[in-house]
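Read off the chains here:
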Amino acid sequence: MTERPMQTSGCPHANHFGKTVPHAELRQICTVCGGPRIHAGAQTRGGEVEALRAAKEAYTRRTSWRFGAGCSAALATFGTIIGLALLRLDVGGATTMAVVFLGLAAPFALVFMTGLARIATYSKKMRASVEAAWSRALRDTVLGATQPMLASTLAQQLGATEDEADRWLAELSAEGLLRSEVTDEGQIVYLPATRMRIAAPGSPGASPDMASSEPLSSDAELEARFADLARRESQPKP
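Everything numeric in this text was worked out from a predicted model, so none of it was measured.

A.B. asks: I'd love a proper account of the pairing of strand 3 (residues 27–30), names of residues and values included.
C.D. replies: Across four bridges, the pairing between strand 2 (residues 20–23) and strand 3 is antiparallel. In the strand pairing of strand 3, T20 is matched with C30. The hairpin formed by strand 2 and strand 3 contains three residues between the paired strands.

Here it is as structure tokens:
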């Protein structure tokens, strides 16, 4: 599989290069279109684009359902109050009108309940998509680095906090994708994990201490492990 070259991440939702600002749920959003984005200037291969678009779609649909559910709740409440008030009146036709208002309130109440379920569904999909996008961007940034990576450097490149960067790097190390080393200054640096391949006995030029370094996993294996990590991160914590 041919790796796409690293490039500065632009907006995945339109052909522009606006800046990004923090967002409570989407992490970073574009200042031009408001869609979810990786921090402006981050070096990625574009693998996060599909997930970011899915996050924007889920966020937009959730917003629509929130508006519809809110309007439905207001109409259902209004119809119920009027219907109950009419039932208390001892005048001709009041009971009939009360039944009419209560009957009109019922569909809006149903739409409100449906809206709550759809809001929860789209919220879950949005969070999962955001996590998947950042996991892929993290993979591109860290595994594509040509020099050892510090948590502070990763935080600056992705527009995250240093605590977040520490957690992400620790998770990748636990997954076997990175290895860590401590410098003479006491700093922890991270590099793509490697394994040693020992030459087979009897092969030309082989010796007991001959070894060479090769990538720990193929690109497909790395993608599968990152997808599994993103899926576990998106699951609700107990």
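A.B. asks: Explain the confidence of the model for the protein to me, and be specific about the residues and the numbers.
C.D. replies: Parts of the prediction with low pLDDT should not have their coordinates interpreted in detail. Of the residues in the protein, 77% have a pLDDT of 70 or more, and the chain-wide mean is 77. Mean pLDDT per element in the protein: strand 8 (residues 211–215) is the minimum at 40, and helix 1 (residues 49–87) is the maximum at 94. This model gives residues 1–7 a pLDDT under 50, and the stretch forms 20 contacts once residues within four places in sequence are excluded. In the model, residues 195–219 has pLDDT below 50 throughout and makes 29 contacts with residues more than four positions away in sequence or in other chains.

A.B. asks: An account of the side chain of Q28 is needed here, citing residue identities and associated values.
C.D. replies: Here Q28 is to be found in strand 3. What Q28 contacts, discounting residues up to four positions off in sequence, is T20, V21, P22, H23, G35, P36, R37, H39, W134 and G159.

A.B. asks: Summarise unusual backbone geometry; cite the residues concerned and give the values.
C.D. replies: For R27, which is not a glycine, the phi torsion comes out positive at approximately 70 degrees. Here R27 is to be found in strand 3.

A.B. asks: I'd like a description of the nonpolar core, backed by residues and values.
C.D. replies: Within the largest apolar cluster, 29 residues are counted, with the highest numbers of intra-cluster contacts made by L154 and L158. Listed by contribution, the elements that provide at least two residues to this core are helix 1, helix 2 (94–143), helix 3 (151–158) and helix 4 (162–174). With sequence-adjacent residues up to four places away left out, L154 is seen in contact with L138, T141, V142, M149, A165, W168 and L169.

Rules behind the numbers
- Residues numbered from 1 in each chain as written.
- Predicted model: local features only at pLDDT ≥ 70, side-chain atom pairs only at ≥ 80, totals over all residues.
- Heavy atoms only, no water.
- Pairing = 2+ DSSP bridges.
- Helix = DSSP H or I, 4+ residues; strand = E, 2+ residues; numbered from the N terminus.
- pLDDT = per-residue confidence, 0-100.
- Contact = heavy atoms within 4.5 Å.
- Core = buried A, V, L, I, M, F, W, Y, C linked by side-chain atoms within 4.5 Å.
- Buried < 20%, exposed > 50% of the residue type's maximum accessible area, 1.4 Å probe, protein only.

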